[in-house]
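Geometric and topological summary
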Amino acid sequence: MGILIDRNSRIVIQGITGREASMVTRHMLAYGTPVVAGVTPGKKGEQVFGVPVYDTLKQACRAHELNTALIYVPPAFVLDAVLETLANGIKLMVIITENIPQHDAVKLLMEADNAGARVIGPNTVGVINPKERARLGAIGGDNVERCFVPGCVGVISRSGGMTAETSYMVKRAGLGVSTAIGIGGDSLIGSTPRDLLALFENDRETRAVVTFSEPGTSFEEDTAEFIMEGGFTKPLISYIAGKFTESMPEGTMFGHAGAIIEGGKGKPSNKARALREAGAHVVEQYDDIVSTLQSLRLG
Amino acid sequence: MGRLLESSSKQLLAQNAIPVPRSFVAASPLEAREKAGLLGGEVVLKALVPVGKRGKAGAIKFAGNPAMAGELAAQVLGTVVRHYPVEKILVEEKLAIERELFVSFTIDKKLRRHAVLVSSAGGIDVEEISAKYPERMKIIHIDPYKGLADFRAKEVWADLGLEGTVLRQASDILLKLYRFFVKYDCTILEINPLAITKDNKVIAAASVMAVDDSAMFRHPELADAVQVGSDRAWRPLTDLEKQVVEVNEADPYRGTARYTEMDGGDIGFMCGGGGASLMMFDALLSYGGKPANYTEFGGNPSEKKVYGLVIGILSKPGVRGLVVCGNITNNTQVDVCSRGIVAAIKDKGIDPRKFPVLVRYAGVNDAVGREVFTAAGIEYYGEEITMTMAAKKMVEKMKQTYPGAEDSQAAHGA
């Protein structure tokens, strides 16, 4: 179990022949993840660590049954890659690419919504399901077990790096991860924490979820609303980074592109209050994730 | 987000057939006087700085004649408006305004649509409009594929009470502004006021515009006008910040480094990862630490880039400690970074036995990283301690090295 991906995922990597994409292909295969095909226009017939490359996604779909796309193409081509993915009926895609123009992001997210497809990212480190040994993206690097061991805790993080660190905190608590998701550092992203909590709610393997939040957006307020509505009933442990940004001039960006307080919206203190009122365990210090997890006696 | 000065955005608006007042840019009182003479009649002088609410900051003045324009220009030029020095001013014809409207295009991040807020109460800021005149405000969400239909533009203005030639002009301008917003990949395009003159002309009297940094690759024509990254600071870049920008741009294909100076502080702060840096900064503050800067790096930077970054951090006056921290890396090579950091510390003549340096950095190739730091006499930790513990240790180390420092600072403060 776990959410989004498992050993039955049939994965295609768009932009597979790029430097980073091919390294990630190697890491994914080494972990046991089923990478079935790759697409790079003009490179049909090549192979990347044994994975066949096609010119178009249509060709790849003719040759293989595919249900998950990992998008590694440069920023200018992401919108088109998403349209291609949707045109070929693939309903789950993870967009790794950073620095996508916002006007393109609006279009691709809207088209994905219209097609009933799920998008993770853009600007994400990826998704991992340790029990199923399935991973999409650089998440876990070349030493997956250091941070990601199988278990019953879901992890949702704005930050790619902190997806690993937070999963490591779960491990320090003597537990492991059901699925960990880097949702992406931009303000325009596909799946929000609320969307993913809805999936974790229905996942039998997951008994609690830890979230790593940053300033900006209304994701935490939306999450609080979702809990109040009864949409998520498992324990939620939340850490919100960037409290100091509230005392900096408004509109200044620190860290990720999405981490910006504008028009009084996106303040960590408001997020913390909303989540607390909804009954989430909001921890002050990041290390408190460990003791809070232990106090839940999930093991 | 990259802001544009009003002179640049107005030039672009004019090129796209959107009516704007006649104006010139002046860099001296003499020039302001000359330009005011060319325009004739009353003029408006506006400080050209990339910040909003200039009226409230006293950076907008009205002059009845050229001599007065020269005098007022002398008052504004050389001042500092919201941290930005005023080097140039916009000298603009003063419109005979009958009514003021408001138009602002943005991207609605939550609904994932283009959005335009229009109001028949212009000339005041949007917070005031929504507080005082909510009934005079409309928001239209726009499907980016379908665009803004002509009839919608007419409807919204008609609903707000416009009629006749003014309705037709305002609708036409709204459509043109939407096309402009899309054409230039704007993140914001605000016209406030959109003025209706006494002779029934509709004119974009003031403009605020920012372009998406990530879309600059398809707007080479805007390269000189857009101040890329202008939302990463609330003031112009300092010399050290400029120095780090150069270090970062010298090797654009490997890693990113961002450096922001804080007021005061004594701990050089270097952190791997956007989220990790937010978390670590909070942790240091929570234990009473005083970071002198905010530095974030990642994406597997080269040794040279890391070196340049650390040199920048250590060069700020008042820095007397260094904390290097990061989340457990997915792809950034700890060994490569360690060499850059150690080399910079050495070249700065720093003795880690006297000057507190603490590193918590685990991840790719960290066994080698540990050796490099340890050989240089630097206190190194991998994942055996958490980031929070590292923050606590760093603050304690500062207190041990500089006992009573806080008292003396407090004494200075008093």
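Given the structure is predicted, the values throughout are model-derived calculations rather than measurements.

**What to know about the overall build of chain A**
The helix and strand tally for chain A stands at nine helices and 14 strands. Radius of gyration (C-alpha) of chain A: 19 Å, near the 19 Å computed for a compact globule of 299 residues. Its C-alpha atoms put chain A at 55 × 45 × 30 Å along the principal axes. A burial count over chain A gives 59% of its 299 residues as buried.

**Remarks on the overall build of chain B**
Helices and strands together make up the secondary structure of chain B, namely 13 helices and 20 strands. The principal-axis extent of the C-alpha atoms belonging to chain B is close to 80 × 50 × 40 Å. Taken over 414 residues, chain B has a buried fraction of 47%. For chain B, contacts bridging at least 24 residues in sequence account for 71% of all contacts bridging at least 6.

**Looking at the interface of chain A and chain B**
Taken residue by residue, the interface counts 51 residues in chain A and 45 residues in chain B. Only helix H4 (102–114) and helix H5 (160–172) of chain A provide two or more residues apiece to the side of chain A that touches chain B. In the side of chain A that touches chain B, the residues fall into 24 nonpolar, 19 polar and eight charged.

**Observations regarding the nonpolar core**
The biggest cluster of nonpolar side chains holds 154 residues, and the ones touching the most others in it are Ile71 and Val153 of chain A together with Met270, Met280, Leu309 and Val310 of chain B. The next biggest cluster of nonpolar side chains, apart from the first, holds 65 residues, and it includes Leu39, Ala73, Val76 and Phe102 of chain B.

**Description of the domain arrangement of chain A**
Each assigned domain of chain A is listed with its residue range as follows: domain 1 (1–123) and domain 2 (147–299). When residues of the side of domain 1 of chain A that touches domain 2 of chain A are traced back to their parent elements, those giving at least two are H4 and strand E7 (118–120) of chain A.

**Looking at the sheet that holds strand E2 (residues 23–26) of chain B**
Residue and element names in this part refer to chain B. The antiparallel open sheet is built from four strands, whose spatial order is E2-E7-E3-E4. Two strands lie at the open edges of the sheet, namely E2 and strand E4 (60–63), each paired on one side alone. The mean angle between the axes of side-by-side strands here comes to 25 degrees, regardless of whether they run parallel or antiparallel. In this structure, strand E3 (residues 43–47) lies alongside strand E7 (residues 89–93), joined through five bridges in antiparallel fashion. The residue of E7 that forms the bridge with Val43 is Glu93. Strand contacts of helix H2 (residues 29–39): E2, E3, E4 and E7, with the helix running at about 20 degrees to E7, the strand carrying the most contacts. Along the sheet, helix H3 (residues 66–76) contacts E2, E3, E4 and E7; its crossing angle with E3, the most-contacted strand, is approximately 15 degrees.

**Description of the environment of Val127 of chain A**
By the element assignment, Val127 of chain A lies in strand E8 (residues 127–129). Spatially, the C-alpha atom of Val127 of chain A lies 24 Å from that of Ile260 of chain A, the residues being 133 residues apart in sequence.

**Section: helix H6 (residues 193–201) of chain A**
All names here are of chain A. Within H6, burial applies to Pro193, Arg194, Leu196, Leu197 and Phe200. Taken down its axis, H6 places every buried residue within 160 degrees of arc, on the same side. Of the surrounding elements, those touching the buried residues of H6 are strand E10 (150–157), strand E11 (177–182), strand E12 (208–213) and helix H7 (219–228).

**Here we look at the domain arrangement of chain B**
Per the domain assignment, the segments of chain B are domain 1 (22–93), domain 2 (97–227) and domain 3 (239–408). Inter-centroid distance (C-alpha atoms) of domain 1 of chain B to domain 3 of chain B is 44 Å.

**Notes on the sheet that holds strand E20 (residues 379–381) of chain B**
Paired through backbone hydrogen bonds, the strands of a sheet run either parallel or antiparallel to each other. Residue and element names in this part refer to chain B. Taken in spatial order, the six strands line up as E15-E17-E16-E18-E19-E20 in an open sheet, and their pairing is mixed. Of all strands in the sheet, those with a lone pairing partner are strand E15 (256–261) and E20, marking the two edges. On average, adjacent strands in this sheet sit at an angle of 10 degrees to one another, irrespective of strand direction. By the bridge criterion, five bridges tie strand E16 (residues 268–272) to strand E18 (residues 322–326) in an arrangement that is parallel. Among the inter-strand pairings, Gly272 is bridged to a residue of E18, identified as Gly326. Those strands touched by helix H8 (residues 274–286) are E16, strand E17 (293–298) and E18, and its axis lies near 140 degrees from that of E16.

**Here's the deal with the packing of H5 of chain A against H8 of chain B**
Running from amino to carboxyl end, H5 of chain A crosses H8 of chain B at an angle of 65 degrees, the nearest separation of the two axes being 5 Å. Between H5 of chain A and H8 of chain B, the residues in contact are Gly161, Met162 and Glu165 of chain A and Gly275, Ala276 and Met279 of chain B, respectively. Class assignment of the residues belonging to the contact of H5 of chain A with H8 of chain B gives a composition of three nonpolar, two polar and one charged.

Conventions and cut-offs
- Each residue is numbered by its place in its chain's sequence as written, counting from 1.
- Lettering for chains starts from A, numbering for ligands starts from 1, and both go in the order in which the items are written.
- Residues qualify for local features only when their pLDDT is at least 70, as the model is predicted, and side-chain atom pairs are given and counted only at 80 or more; totals for whole chains, interfaces and linings, by contrast, use all residues.
- A run of H or I in DSSP becomes a helix once it reaches four residues, and a run of E becomes a strand once it reaches two; helices and strands are each numbered from the N terminus.
- C-alpha atoms define the radius of gyration, and 2.2 Å times the number of residues to the power 0.38 defines the globule rule.
- Three classes are used. A residue is buried when 20 or more other C-beta atoms lie within 10 Å of its own, exposed when 12 or fewer do, and partly exposed in between, with C-beta atoms placed from the backbone.
- By the convention adopted here, residues are in contact when the distance between their C-beta atoms, placed from the backbone, does not exceed 7 Å.
- Amino acids are sorted into nonpolar (Ala, Val, Leu, Ile, Met, Phe, Trp, Tyr, Cys and Pro), charged (Asp, Glu, Lys and Arg) and polar (every other residue, Gly among them).
- For this entry, the nonpolar core is defined as buried Ala, Val, Leu, Ile, Met, Phe, Trp, Tyr and Cys residues connected by C-beta atoms within 7 Å.
- Domain extents, as shown, originate in an automatic or database domain assignment.
- Pairing between two strands is assigned when DSSP locates at least 2 bridges connecting them.
- The axes are straight lines fitted to the C-alpha atoms, using for helices just the contacting stretch, and the angles between their N-to-C directions are given from 0 to 180°.
- This arc is taken over the directions from the axis of the helix to the C-beta atoms.

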